[in-house]
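Spelled out from the first residue to the last, the chains are:
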Amino acid sequence: MTRRSMFLSASALLAAGGALFAARPARANAYYSGPASDHFDGTIFFNPDGTPPGRFADLLRWRFNGERQDWPTARPSRFAQAKPDASVEGMRITFVGHASFLFQTSGLNILADPVWSERTSPVSFAGPKRVNAPGIAFDDLPRVDIAIVTHNHYDHMDMATLTRLVARDNPMIVTPLGNDAIIRDAI
């Protein structure tokens, strides 16, 4: 079997699997049960403006159309890592990377979307790899009082980092509906 025929067979299997997955009947949300709202019908969450989610075929087209750029191996920051104070007067916001920020105000240290892992993936050996170090070394973080997790994509909900934070500081974790179940299961 040639590489091309193997690729076409694998693509056909993935497409068939995606079609079966998309055609399955809706079932109760595994992470959240609650009243219907403008973005939750009691079973699934949806975009309130009616925009449907992307299709699996769109993902495959993007992945294999030859236009996808390679992930860079390095893109170091021109800024030195910050070493924040334990507490600040007024307010200070420090950019850590991608969506991670440290907010310091009123004696509180609030960390948004903390990601210190080398990869944002369900496994530690594959997936997009960090191309530069976080703007603050984990060990230089002040005690974190609150961790905000905006949503459950791997580049925002990093379980390895959350586990380290809970072990070190046990911060209050603030997150949207359903994500609490994912975090409780993992930590």
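The structure we're discussing is the one just above.
Keep in mind it's a predicted model, so treat the numbers as computed, not measured.

S.K.: Which parts of the structure should I look at to understand the packing of aromatic side chains?
M.R.: The description of an aromatic ring pair uses the distance of the two centres, along with the angle that the planes make with each other. On inspection of all chains with the given rule, the structure shows 6 aromatic pairs. Each ring, one from Y32 and one from F45, has its centre 5.8 Å from the other, and the planes form 40°; the classification is tilted. With Y32 in the loop between helix 1 (3–23) and helix 2 (56–64) and F45 in the loop between helix 1 and helix 2, this pair connects stretches of sequence that are 13 residues apart. By relative accessible area, which is 17% here, Y32 ends up buried. Using a relative accessible area of 34% as the deciding quantity, one classes F45 as partly exposed. Geometrically, the ring pair formed by F95 and F101 is tilted, given 5.1 Å between the ring centres and 55° between the ring planes. Owing to a relative accessible area of 27%, F101 belongs among the partly exposed residues under this scheme. Ring pairing ties together the aromatic residues Y32, F40 and F45, which thus form one cluster. Positioned over the ring face of F138 is R164, at 3.8 Å from the centre of the ring. Against the face of F138 rests R168, its NZ or CZ located 5.1 Å from the ring centre.

S.K.: Help me understand the pairing of strand 3 (residues 108–112), please; the structure alone is not making it clear to me.
M.R.: If a strand is regular, its side chains alternate between the two faces of the sheet. Strand 3 sits mainly inside the fold: 4 of its 5 residues count as buried. Across 5 bridges, the pairing between strand 2 (residues 100–105) and strand 3 is antiparallel. From the neighbouring strand, Q104 faces strand 3, where its bridge partner is N109. Once strand 2 ends, the chain turns through 2 residues before running back antiparallel as strand 3, passing S106 with a positive phi of about 50°. Taken together, the 3 bridges between strand 3 and strand 4 (residues 146–148) define a ladder with parallel strand orientation. Following the sheet pairing, I110 is matched in strand 4 by I146.

S.K.: Sorry if this is basic, but what is going on with helix 4 (residues 179–186) here?
M.R.: A turn of α-helix holds 3.6 residues, and therefore any two residues three or four places apart point the same way. Residues of helix 4 that are buried: N179, I182 and I183. Looking straight down helix 4, one finds that the buried residues subtend no more than 95° of arc, so they occupy a single side. With respect to the buried face of helix 4, the exposed residues turned more than 90 degrees away are R184 and D185.

S.K.: Quick question: what am I supposed to make of the sheet that holds strand 5 (residues 172–174) here?
M.R.: Pairing between sheet strands relies on hydrogen bonds along the backbone, with the strands arranged either parallel or antiparallel. Taken together, the 5 strands give an open sheet; going across it, the order is 1-2-3-4-5, and neighbouring strands pair in mixed fashion. One side of each edge strand has no neighbouring strand; the edge strands of this open sheet are strand 1 (91–97) and strand 5. Between one strand and the next, the sheet's axes are offset by a mean angle of 20°, whatever the strand orientation.

S.K.: Can you help me understand the pairing of strand 2 in this one?
M.R.: Residues S100, L102 and Q104 of strand 2 are buried on one face, while the alternating residues F101, F103 and T105, pointing to the opposite face, are not. The pairing of strand 1 with strand 2 spans 6 bridges and is antiparallel. Among the inter-strand pairings, M91 is bridged to a residue of strand 2, identified as T105. Between the end of strand 1 and the start of strand 2, which pair antiparallel, lie 2 residues, with H98 showing a positive phi angle near 50°.

S.K.: Help me out: how do you make sense of the layout of surface pockets in this one?
M.R.: Volume-wise, the second largest pocket comes out at about 780 Å³. Along its surface, the second largest pocket is lined by 29 residues, and G97, H98, R130, V131 and N132 are the ones closest to its centre. Counting residues per element, the lining of the second largest pocket draws most heavily on strand 1, at 4 residues. Taken together, the residues of the lining of the second largest pocket sort by class into 13 nonpolar, 10 polar and 6 charged.

Cut-off values and rules
- Residues numbered from 1 in each chain as written.
- Predicted model: local features only at pLDDT ≥ 70, side-chain atom pairs only at ≥ 80, totals over all residues.
- Heavy atoms only, no water.
- Phe/Tyr/Trp six-rings, centres within 6.5 Å; stacked < 30°, edge-to-face > 60°.
- Helix = DSSP H or I, 4+ residues; strand = E, 2+ residues; numbered from the N terminus.
- Buried < 20%, exposed > 50% of the residue type's maximum accessible area, 1.4 Å probe, protein only.
- Lys NZ or Arg CZ within 6 Å of the ring centre and 35° of its normal.
- Pairing = 2+ DSSP bridges.
- Arc of directions from axis to C-beta.
- Axes fitted to C-alpha atoms, helices over the stretch in contact; angles between N-to-C directions.
- 1 Å grid on protein atoms, 1.4 Å probe; cavity = no way out; pocket = protein on both sides within 12 Å on 5 of 7 lines; lining within 4 Å.
- Points joined across faces, edges and corners; volume = space filled by probe spheres on them.
- Nonpolar A, V, L, I, M, F, W, Y, C, P; charged D, E, K, R; others polar.

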